[in-house]
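Results of the structural survey
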Amino acid sequence: MNKFWKILISILALLVITEGMSYVLYYMKYREAIKIQWQNGNKFFFTYGMPKEFSPDDIVYNWHNRVFKKNGGKKPFAVVGCSFAEGSCLEDKQTFGYKVSDMTNRTCYQRGVTATGLPYVYYQIKNKLIPQDSEYVVYVFIYDHLFRLNQDFLGYWSDRFNLRYEVKNGDIQQVVHKHPLLFSLYSTRLVREKLSDFDDEKEMQDFVTFKPLLAQTMVEFKKNYPNSKFVFLEYPSGYNDFFVLPPKIIDFIKEQGCIYINANDLTGKDLGEPEYKVEGEGLHPNEKAWDELTPKFVEKVGI
């Protein structure tokens, strides 16, 4: 065997070993989350394959769309955001959208999608995916949405690319993955996640993507939903006061024409505490949390 083939085989062996170690490290990184998934009946494994590009027709983005119908004569409203808005781990009647609908006698369009954030809200509004008869569009924001602005995949468990936007030459442009095959490797995922930590730090300090994306979201909202109101509901990701939006960003949100509401301030409760989380899962709001928030939210907004 000549020298060339020996070098080539050595390089390939090193790449295989690196990828195998990366697979194990990726599993170890998310082992607690995987354990919870299994306990909830979602028995999945990390697999290999070409990642799928974002598509609004993907079942992931519409499987949990719901309409809570009411005939009270009032205009409908919509709830958008991530799994908090979607009502993960809850029955329909336990969710925020349903409770507001029931209390106000308004039809609710439930349009939250697990693992998404502001980019998908922007996409929904720009492409009029939210019914235009909605008098209110309520965006349930959690601090983790800032990190999702730099997240390559929809989630650690997903084989779908996350919908992302970046600012180029002053314009909001969708991120296109030029070499998707590389992202099928767990070594690439680990490196990209580590690099995104630096982007997350910058986002937390300067809100470099959040601010222009929210501003453009409101431009599209005022154009496509001229008779509607946009409610920005900040909900706690957990019980850590560090992960809250600073006053300067809250002022910016209001300047864009949003109705800003902080769920903790409104209720006088720390809704990030374990008693307000789904038992055994510890992440998503339980029914008690929405029972605390709903009447005060309805009164505050006048919905």
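Right, let's get into the packing of aromatic side chains. Applying the stated criterion across every chain, the model contains 38 aromatic pairs. Geometrically, the ring pair formed by Y23 and Y186 is edge-to-face, given 5.1 Å between the ring centres and 80 degrees between the ring planes. One end of the pair, Y23, is in helix α1 (residues 3-29); the other, Y186, is in helix α7 (residues 186-206), and 163 residues separate them in sequence. We classify Y23 as partly exposed; its relative accessible area is 27%. Ring centres of F210 and F232 lie 6.3 Å apart, and the angle between their planes is 90 degrees; on these two criteria the pair is classed as edge-to-face.

Across all of its chains, the model carries 16 salt bridges by this definition. One salt bridge connects K52 with D159, and the closest N-O pair in it is separated by 4.0 Å. Here K52 is found in the loop between α2 (31-39) and β1 (66-68), whereas its partner D159 is found in the loop between α6 (144-148) and β5 (165-168), with 107 residues between them in sequence. Taking the relative accessible area as the measure of exposure, D159 reaches 33% and is therefore partly exposed. D291 is the salt-bridge partner of K99, the closest N and O atoms lying 2.8 Å from each other. Here K99 is found in helix α4 (residues 96-104), whereas its partner D291 is found in helix α11 (residues 287-301), with 192 residues between them in sequence. Three or more residues joined by partner-sharing salt bridges are found here, namely K52, D58, D159 and R160.

On to the side chain of D200. For D200, the position within the fold is in helix α7. For the buried D200, no salt bridge exists, and the shortest N-O distance to an oppositely charged side chain is 8.6 Å, to R164. Not counting the four nearest positions on each side in its chain, D200 is found in contact with F147 and N150.

Bringing unusual backbone geometry into the picture now. For N105, which is not glycine, the phi torsion reads 60 degrees and is therefore positive. The topology assignment puts N105 in the loop between α4 and β3 (108-110). For N105, a relative accessible area of 36% translates into the label partly exposed. Here F207, not a glycine, exhibits a phi torsion of approximately 55 degrees, which is positive. In this structure F207 comes out as buried when scored by relative accessible area, which is 1%.

Further remarks concern the sheet that holds strand β7 (residues 229-234). What the 6 strands build is an open sheet, ordered β1-β3-β2-β4-β7-β8; its pairing is mixed. Edge strands, defined here as strands with exactly one partner in the open sheet, are β1 and β8 (259-262). Strand-to-strand, the axes of this sheet are offset by a mean angle of 20 degrees, without reference to chain direction. Relative to strand β4 (residues 136-141), strand β2 (residues 77-81) runs parallel, the two being bridged by 5 bridges. Looking at β4, one finds that A78 is bridged to V137. Helix-sheet contacts for helix α5 (residues 118-126) involve β2, β4 and β7, and the interaxial angle to β2 is about 140 degrees.

Note that soluble globular proteins tend to have their nonpolar side chains buried in a common cluster. Grouped together as the largest cluster of nonpolar side chains are 42 residues, with contacts concentrated most on Y139, L146, F210, F230, F232, L245 and I253. Contributions of two or more residues to this core are made by β2, α5, β4, α6, α8 (210-224), β7 and α9 (247-255). When residues in this core are grouped by element, the largest group, 6 residues, is from α5. Ignoring any residue separated from it by four or fewer positions in sequence, one finds L146 in contact with F141, E203, F207, F210 and L245. Membership of the second largest hydrophobic core comes to 29 residues, among which are F68, L233, W290 and F297.

What counts and how
- Residues numbered from 1 in each chain as written.
- Predicted model: local features only at pLDDT ≥ 70, side-chain atom pairs only at ≥ 80, totals over all residues.
- Heavy atoms only, no water.
- Phe/Tyr/Trp six-rings, centres within 6.5 Å; stacked < 30°, edge-to-face > 60°.
- Helix = DSSP H or I, 4+ residues; strand = E, 2+ residues; numbered from the N terminus.
- Buried < 20%, exposed > 50% of the residue type's maximum accessible area, 1.4 Å probe, protein only.
- Salt bridge = Lys/Arg side-chain N within 4 Å of Asp/Glu carboxyl O.
- Lys, Arg positive; Asp, Glu negative; His and termini not counted.
- Contact = heavy atoms within 4.5 Å.
- Pairing = 2+ DSSP bridges.
- Axes fitted to C-alpha atoms, helices over the stretch in contact; angles between N-to-C directions.
- Core = buried A, V, L, I, M, F, W, Y, C linked by side-chain atoms within 4.5 Å.

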